[in-house]
Amino acid sequence: MNLHKNNNIKNKKYTPANEGMTDARGTLSSCLADNIEVLERLLPLKKSFDLMTRTLYIGGTECFFIGVNGFCKTEVLQHIFSDLQNPDFMGGSEIENIQSFMDSKIGFAQTSLSSSWDEIIRNLLSGPCVLFVDGFSMAILLDARSYPARSISEPDSERITRGARDGFVETLLYNTSLIRRHVRSPRLTFEMHSVGTESRTDVAVAYLADSVNHELLEKLSQTIDSLQITSLTMGAKSLEEMLVKKRWWTPLPCIHMTERPDVAASYITEGHILIIVDNSPTVLILPCTIFQFTQSPEDYYKSPMVGGYFRFVRFLCIPISLLLMPAFLLITAYYPQLAQKWGIISTEGITSLHLIIYVLAVEFLLDLFKYSASVSSSRFSGSLSIVGGLLIGDIAVSLNWASVEVLFYAAVTLLTSLSLASVEFADALRLYRIFLIVLTAFWGKWGFIAGLTLVSCSIICTPTFGGMSYFWPLLPFNGKALAALLFRRVTSKAQPSVVWSRGHVHDK
């Protein structure tokens, strides 16, 4: 059976009793013609080519089918309706009870009844198709949807040398299946929400019922349901900005994100909450702490000794990335005698003004190289960053536009930034570093001290969802949890017997 548009809809008299149903917030009428007329007001049935409609007669009862082309599995629908239009299967009798008809005649796993226009339209535009039956004020929802999806592959931003090579995709159902493969607990729950008055984006909240902070979960559900937004334009990122209101002086990320199912599964078994947004390959993790951005799955795919060493190296990269260039500028520009004594700089005759210009110019060029490599094609990104850096660096030194020392310390800073597991965290440190460089360039030692003070205040003031501590398990202190974050332990000793207390949720 080919599903196509059919404009030859049987005309019936529209009764005044149903004149109030002018939007998607009313209930269905028992008259099929009235329901079709409401559909024509709510949807562009005769204009939008992807809306499939057809009038059917099932066992002598007139019905109306509607679905979105591309979202429905046509083969499944053909089998369903070929049986329903078979006189031997239906017996030629009219439908007397829609519940009994759905339970006994529709051989498909996912079916439900609904009398709400709001629920029907939301489901229809999400993928399920709808069957209206004359004489009943309820419609049958057939969830025979099939979304277009790309193949599952390892995310570029979270690559590891060993371990699983799967990653989340833009289809919510695939992402929930990937999590379910890792966590096969009967207490794993996915609660569905809808966000956006126009986009109606599906948002799933995943948690383990016996491990989750129920106070935080309730606050999250209430917040998502109360969001006043037209659409989630940028998917999970837009939802993150709606959940946590940040000030412009707090660039650190407030919610941890991941594209790896194994990382998401490890967090959910520890009592965290996952937020999965349709059309987005990124999963949000709540609650969030600053220590989450220092972790990497690479640590757990190596032996405890090797994984612990690289974790220590990663922790060491954070202060180096933040302070190396500002400290270099402070010593070489304002204390040249110390710079010569300590061997920090070997080039003589460089004035303080030249050093300040060199440092700012190199910081800008490194950001330019990194951005160009990230947005360019993968065929050119590697050669673009390496060849461009070598050429421009060599020419800049030859023309006395930069010094070898500045390029060296800038390269070390760039390497430490790239070693951090979280891109958002590394970008925030870059902004802090530039801020410190500017203050140090203008006011020397006191600018450096003032910059450190302001950066510390900015980090302390970073908000989190639900008012949870951003510095847990340091504040409030939890020695067992802090040791597990700082040191890579064997798997048998890294399993928390109970969920570590994170304090109480309070209003922001």
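Located above this text is the structure these notes cover.
### Some points on the sheet that holds strand S10 (residues 283-286)
- Pairing within the open sheet is antiparallel, and its 5 strands lie in the order S6-S7-S9-S10-S8. Single-partner strands in this sheet number two, and they are strand S6 (188-195) and strand S8 (256-258). In this sheet, neighbouring strand axes are inclined to one another by 25 degrees on average, regardless of whether the strands run parallel or antiparallel.
- The pairing of strand S9 (residues 273-277) with S10 spans 4 bridges and is antiparallel. Within S10, the residue paired with Ile273 across the bridge is Leu286.

### A look at the pairing of strand S7 (residues 201-208)
- Burial runs high along S7: 8 of the 8 residues are buried.
- The two faces of S7 match: Thr201, Val203, Val205 and Tyr207 on one face and Asp202, Ala204, Ala206 and Leu208 on the other face are all buried.
- Where S6 lies against S7, 8 bridges are found, and the strand directions are antiparallel. Bridge assignment links Leu188 to a residue of S7, and that residue is Leu208.
- For S7 and S9, the ladder comprises 4 bridges, and the chain directions are antiparallel. The residue bridging Val205 from the neighbouring strand is Ile275, located in S9.

### Comments concerning the nonpolar core
- Counting residues in each nonpolar core, the largest one holds 26 residues, and the members touching the most others are Val203, Leu220, Leu239, Leu243, Ile273 and Ile275.
- Residue assignment for this core shows that the elements contributing at least two residues are S7, helix H7 (214-225), helix H8 (236-243), S9 and S10.
- At 4 residues, the largest contribution of residues to this core is made by H7.
- The contacts of Ile273, once residues within four sequence positions are left out, are Val205, Ala206, Val212, Leu216, Leu217, Leu220, Leu284, Ile285 and Leu286.

### Considering the side chain of Ser221
- Inspection of the secondary structure assignment puts Ser221 in helix H7.
- Take Ser221: its relative accessible area is 12%, and that puts it in the buried class.
- The residues touching Ser221, leaving out its near neighbours within four places in the chain, are Glu191 and His193.

### Quick notes on the packing of aromatic side chains
- Applying the stated criterion across every chain yields a total of 9 aromatic pairs.
- Ring geometry for Phe408 versus Tyr409: centroids 5.2 Å apart, planes at 70 degrees, classification edge-to-face.
- Of the residues examined, Tyr409 reaches a relative accessible area of 16% and is grouped as buried.
- A centroid spacing of 5.7 Å and a plane angle of 85 degrees characterise the contact between Tyr470 and Phe471, whose relative ring orientation is edge-to-face.
- Residue class for Tyr470 comes out buried when judged on its relative accessible area of 3%.
- An aromatic cluster is present here, built from Phe328, Phe408 and Tyr409 joined pairwise through their rings.

### Re helix H2 (residues 74-84)
- Within the span of H2, buried status applies to Leu77, Ile80, Phe81 and Leu84. Take H2 and look down its axis: the buried residues cluster within an arc of 85 degrees, on one side only. Within H2, the exposed residues directed more than 90 degrees away from the buried face are Glu75 and His79.
- In this fold, the buried residues of H2 make contact with strand S1 (51-58), strand S2 (61-68), helix H3 (87-90), helix H4 (98-105), strand S4 (129-133) and strand S5 (139-142).

### Observations regarding helix H15 (residues 423-460)
- For H15, built from 38 residues, the straight-helix expectation of 56 Å at 1.5 Å per residue is missed by more than 12%, its first-to-last C-alpha distance being only 20 Å.
- The axis of H15 is deflected most strongly, by about 150 degrees, at Trp443.

### Some details on the sheet that holds strand S3 (residues 111-114)
- Spatially, S1-S2-S4-S5-S3 is the arrangement adopted by the 5 strands of the open sheet, whose pairing is antiparallel. The open sheet has two edge strands with one neighbour each: S1 and S3. Here the strands of the sheet are splayed against their neighbours by 25 degrees on average, with no regard to which way each runs.
- Bridge count between S1 and S2: 8 bridges; the pairing is antiparallel. Paired with Leu56 across the strands is Cys63, a residue of S2.
- Contacts between helix H1 (residues 32-42) and the sheet are confined to S2 and S4, with S2 contributing the most and set at about 20 degrees to the helix.
- Sheet strands in contact with H4 are S1, S3, S4 and S5, and its direction is about 170 degrees off that of S3.

### Concerning the pattern of salt bridges
- Applying the stated rule across the entire model yields 13 salt bridges.
- The partner of Lys302 in a salt bridge is Glu298, with the nearest N and O atoms 3.1 Å apart.
- With a shortest N-O distance of 2.7 Å, Arg430 and Asp427 are connected by a salt bridge. One end of the pair, Arg430, and the other, Asp427, are both in helix H15, 3 residues apart, so they sit about a helical turn from each other.
- Since its relative accessible area comes to 32%, Asp427 is described here as partly exposed.
- Because the salt bridges share partners, they merge into one network encompassing Glu154, Arg159, Arg165, Arg260 and Asp262.

What counts and what doesn't
- Residues numbered from 1 in each chain as written.
- Predicted model: local features only at pLDDT ≥ 70, side-chain atom pairs only at ≥ 80, totals over all residues.
- Heavy atoms only, no water.
- Pairing = 2+ DSSP bridges.
- Helix = DSSP H or I, 4+ residues; strand = E, 2+ residues; numbered from the N terminus.
- Axes fitted to C-alpha atoms, helices over the stretch in contact; angles between N-to-C directions.
- Buried < 20%, exposed > 50% of the residue type's maximum accessible area, 1.4 Å probe, protein only.
- Core = buried A, V, L, I, M, F, W, Y, C linked by side-chain atoms within 4.5 Å.
- Contact = heavy atoms within 4.5 Å.
- Phe/Tyr/Trp six-rings, centres within 6.5 Å; stacked < 30°, edge-to-face > 60°.
- Arc of directions from axis to C-beta.
- Expected span 1.5 Å × (residues − 1).
- Bend = angle between axes of the 7 residues up to and from the residue.
- Salt bridge = Lys/Arg side-chain N within 4 Å of Asp/Glu carboxyl O.

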